[in-house]
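# Chain and residue survey
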Amino acid sequence: MHNNRYTFLYAIGISIVTAIILVLTSENLKPLQEANVALDNKKNILKSVLVNSEEREVVESQYNSSVEEMVLNSAGEIQENLSVDDVDMKKEVAKEPSERNLTLYVYTAEDGNKSYVIPLRGVGLWGPIWGYISVKDDFNTVKGAFFDHKGETPGLGAEIAETPFQQQFEGKMIYNDEGEFVSVNVMKATQKADIESENRVDAISGGTITSNGVDEMIANCVKPYLTYFEKLKSN
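Residues numbered from 1 in each chain as written. Predicted model: local features only at pLDDT ≥ 70, side-chain atom pairs only at ≥ 80, totals over all residues. Heavy atoms only, no water.

## Some words on the nonpolar core
Counting 32 residues, the largest nonpolar core has Leu-104, Leu-120, Ile-133, Phe-147, Phe-169 and Val-214 as the members making the most contacts within it. Mapped by element, the contributors of at least two residues to this core are β1 (67-72), β2 (102-108), β3 (114-123), β4 (128-136), β5 (142-149), α5 (208-222) and α6 (226-234). The element that contributes the greatest number of residues to this core is α5, accounting for five residues. Contacts of Val-214, omitting those with residues within four sequence positions, involve Ile-129, Phe-147, Ile-160, Phe-165, Phe-169 and Val-186. (Core = buried A, V, L, I, M, F, W, Y, C linked by side-chain atoms within 4.5 Å. Buried < 20%, exposed > 50% of the residue type's maximum accessible area, 1.4 Å probe, protein only. Helix = DSSP H or I, 4+ residues; strand = E, 2+ residues; numbered from the N terminus. Contact = heavy atoms within 4.5 Å.)

## Here we look at the pairing of β2
With six of its seven residues buried, β2 lies for the most part within the structure. Looking at chain direction, β1 and β2 are connected through six bridges and run antiparallel. When the sheet's bridge partners are listed, Met-70 is paired in β2 with Leu-104. Linking two consecutive strands that pair antiparallel, namely β2 and β3, is a turn of five residues; a positive phi of about 90° is found at Gly-112 within it. (Pairing = 2+ DSSP bridges.)

## Concerning the side chain of Asn-185
Looking at the element boundaries, Asn-185 is found in strand β6 (residues 185-187). Reaching out from Asn-185, the side chain makes a polar contact with the backbone oxygen of Val-182 at a distance of 3.1 Å. Apart from residues lying up to four places away in sequence, Asn-185 is in contact with Ile-195, Asn-199, Arg-200, Val-201 and Asp-215. (Polar contact = N/O pair within 3.5 Å; in protein donor to acceptor, adjacent residues only side chain to side chain.)

## Re the sheet that holds β5
Here we have five strands laid out as an open sheet, ordered β1-β2-β3-β4-β5, and antiparallel in their pairing. The open sheet is flanked by β1 and β5, the only strands paired with a single partner. On average, each strand axis in the sheet is tilted by 20° relative to the strand beside it, whichever way the strands run. Each of β3, β4 and β5 is contacted by α5, which is oriented at about 130° to β3, the strand it contacts most. Seen against the sheet, α6 touches β1, β2 and β3 and runs at an angle of roughly 170° to β3. (Axes fitted to C-alpha atoms, helices over the stretch in contact; angles between N-to-C directions.)

## Quick word on the packing of aromatic side chains
Here the structure, examined in full by the defined rule, presents 10 aromatic pairs. With 5.1 Å between their ring centres and 45° between their planes, Tyr-116 and Phe-139 make a pair best called tilted. Of this pair, Tyr-116 sits in strand β3 while Phe-139 sits in the loop between β4 and β5, and the two are 23 residues apart along the sequence. The exposure class of Tyr-116 is buried, given its relative accessible area of 8%. Overall, the relative accessible area of 6% leaves Phe-139 in the buried class. A centroid spacing of 5.1 Å and a plane angle of 35° characterise the contact between Phe-139 and Phe-229, whose relative ring orientation is tilted. (Phe/Tyr/Trp six-rings, centres within 6.5 Å; stacked < 30°, edge-to-face > 60°.)

## Observations concerning the environment of Met-187
On the secondary structure map, Met-187 appears in strand β6. When the C-alpha atoms of Met-187 and Trp-130 are compared, they prove to be 18 Å apart, with 57 residues separating the residues in sequence.

## Considering unusual backbone geometry
Phi angles above zero are rare outside glycine, and Leu-50 is one such case at about 70°. By the secondary structure assignment, Leu-50 is in the loop between α1 (4-47) and α2 (56-66). Notably, Ser-183 is not glycine yet its phi reads approximately 65°, a positive angle. Mapped onto the elements of the fold, Ser-183 is located in the loop between α4 (163-167) and β6.

## Some thoughts on the environment of Glu-159
Along the chain, Glu-159 turns up in the loop between β5 and α4. The sequence separation of Glu-159 and Asp-177 amounts to 18 residues, and the corresponding C-alpha distance is 30 Å. What Glu-159 contacts, discounting residues up to four positions off in sequence, is Phe-165 and Ile-204.

## Details of the environment of Glu-57
Structurally, the position occupied by Glu-57 is in helix α2. Through-space distance from the C-alpha of Glu-57 to that of Lys-150 is 27 Å; in sequence the pair is 93 residues apart.

Structure below.
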């Protein structure tokens, strides 16, 4: 029979070998994982301009031929020394708007019309929420939107990731009739009196906190881009 010392050393050896195998496997899979994350981001950017495909080749081709990536500062100046891969959205949204680096994706359709895709990140009921919203080249009309979440409640807050909720944003305006930025407000029926229909969508029934999170996320993430949009309008 083996003594306790042998059993202890054997268990340690097995643990070390297992740990090494897991580390090596993780490192080998990391490039594939990163590629899949990048592909998902491209899919979601395209979904925000109403281009939908799940096929890798189609997504890559459409994205590479139609989307320009850039990074701006709060003054609306293009940061030539930064790429979108250098920007951590989680860290940027925690900064004051005047201190953020802003990633922007410019989609050019076959007819030459452009849409400006703004990445979004915020907080829902149970964790982070995120997405993209695209604005047409009048810099006011929403082309489309895409949202997702980490752990919102199925049938309630998780509805932000469903098509019916996202479709509400198509054609909405981020400015009111007086030319003031008001964002696209996510509102319950009892809140609608003071906001025009073109500046609001319906909140999710039973998902108030998540709806409020989407509302705050859009306003917080879109507003810093207005300086750049004003520059484009004046050109």
